[in-house]
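# Structural characterization, general
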Amino acid sequence: MPRQTELVDRWRTLTLRYNEIACRLDRELDTAHGVSMNEFETLDRLAALECGVPRMQDLAGEMYLSQSALSRTVARLERAGLVERALCESDRRGVFVRITDAGRAVHRAADDTRLAILAELLD
């Protein structure tokens, strides 16, 4: 087993690399497409669904965002017309979210930016 110092060093290297990539994605996605990395990731998860409209709590369970952070992210996307929310008829506590046509268009354009950055920084 590696010494504690080696494990900590590897962890620090990993987090520094992640932060470098995340900051670059956040900056470039915002500049080119007007969405943050978290907003793009939310659109990306919604665009990937073949059918159905997920509940917010299910979406939060698949992402690195807390439920409250996801709610704030979805609220910003909704104000921009990129997603729509609806209450669950059978459970008033449940909220569904779906991507709009405008959201799909932003996602398609922003995905090219994401892939270019990932190819540059991860190759």
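Bear in mind the structure is a predicted one, so any value in this text is a computation, not a measurement.

What follows is about the overall build of the protein chain. Assigned secondary structure in the protein chain consists of five helices and two strands. Reading the helices (α) and strands (β) of the protein chain from amino to carboxyl end gives α-α-α-α-β-β-α. With the C-alpha coordinates aligned to their principal axes, the bounding extent of the protein chain is approximately 55 × 30 × 25 Å. Put simply, of all contacts in the protein chain between residues at least 6 apart along the chain, 51% involve residues at least 24 apart. Accessible surface, the protein chain: about 7,900 Å² in total, of which carbon and sulfur atoms supply 52%. Taken together, the 18 basic and 21 acidic charged side chains of the protein chain have centroids lying 5 Å from each other.

Let us now look at the confidence of the model for the protein chain. Per-chain confidence: the protein chain averages 90 in pLDDT, with 91% of residues scoring 70 or above. Across the protein chain, the element-wise mean pLDDT spans from 84 in helix 3 (residues 56–62) up to 96 in helix 5 (residues 101–122).

Glancing now at the side chain of E41. Inspection of the secondary structure assignment puts E41 in helix 2 (residues 37–48). We classify E41 as buried; its relative accessible area is 14%. Excluding anything up to four places from it in sequence, E41 contacts M63, Y64 and R114.

Let us look at helix 5. Taking 1.5 Å of rise per residue, the 22 residues of helix 5 would be expected to cover 32 Å, and the 31 Å separating its terminal C-alpha atoms lies within 8% of that figure. Of the residues making up helix 5, those classed as buried are G103, H107, A110, D111, T113, R114, I117 and L121. Summarising the contacts, the buried residues of helix 5 are in contact with helix 1 (4–33), helix 2 and strand 2 (95–99).

With that settled, the discussion passes to the pattern of salt bridges. Using the criterion set out here, one finds ten salt bridges in the structure. R3 is the salt-bridge partner of E6, the closest N and O atoms lying 3.7 Å from each other. Classification of R3 as exposed rests on a relative accessible area of 55%. One salt bridge in this structure joins E39 and R76, with 2.7 Å as the shortest N-O distance. Residue E39 is located in helix 2, and its partner R76 is located in helix 4 (residues 67–79); the two are separated by 37 residues in the primary sequence. For E39, a relative accessible area of 9% translates into the label buried. Connected through shared salt-bridge partners, R24, E28 and E120 make up one network.

Relative to the assigned elements, E78 resides in helix 4. Given the relative accessible area of 30%, E78 is considered partly exposed. Expressed as a C-alpha distance, the spacing of E78 and T100, which sit 22 residues apart in the sequence, is 9.3 Å. Dropping the residues within four chain positions of it, E78 is found in contact with V83, E84 and R85.

This paragraph deals with the nonpolar core. In this structure, L43, L70, V83 and V97 are the most contacted members of the largest nonpolar core, which totals 25 residues. Put simply, the parts of the chain that give this core at least two residues each are helix 1, helix 2, helix 3, helix 4, strand 2 and helix 5. Apart from residues lying up to four places away in sequence, V83 is in contact with L43, L46, V74, L77, E78, V97, R98, I99 and T100.

Definitions and cut-offs
- Residues numbered from 1 in each chain as written.
- Predicted model: local features only at pLDDT ≥ 70, side-chain atom pairs only at ≥ 80, totals over all residues.
- Heavy atoms only, no water.
- Helix = DSSP H or I, 4+ residues; strand = E, 2+ residues; numbered from the N terminus.
- Contact = heavy atoms within 4.5 Å.
- Areas by Shrake-Rupley, 256 points an atom, 1.4 Å probe, with all protein chains shown as cover.
- Lys, Arg positive; Asp, Glu negative; His and termini not counted.
- Charge placed at Lys NZ, Arg CZ, Asp CG, Glu CD.
- pLDDT = per-residue confidence, 0-100.
- Buried < 20%, exposed > 50% of the residue type's maximum accessible area, 1.4 Å probe, protein only.
- Expected span 1.5 Å × (residues − 1).
- Salt bridge = Lys/Arg side-chain N within 4 Å of Asp/Glu carboxyl O.
- Core = buried A, V, L, I, M, F, W, Y, C linked by side-chain atoms within 4.5 Å.

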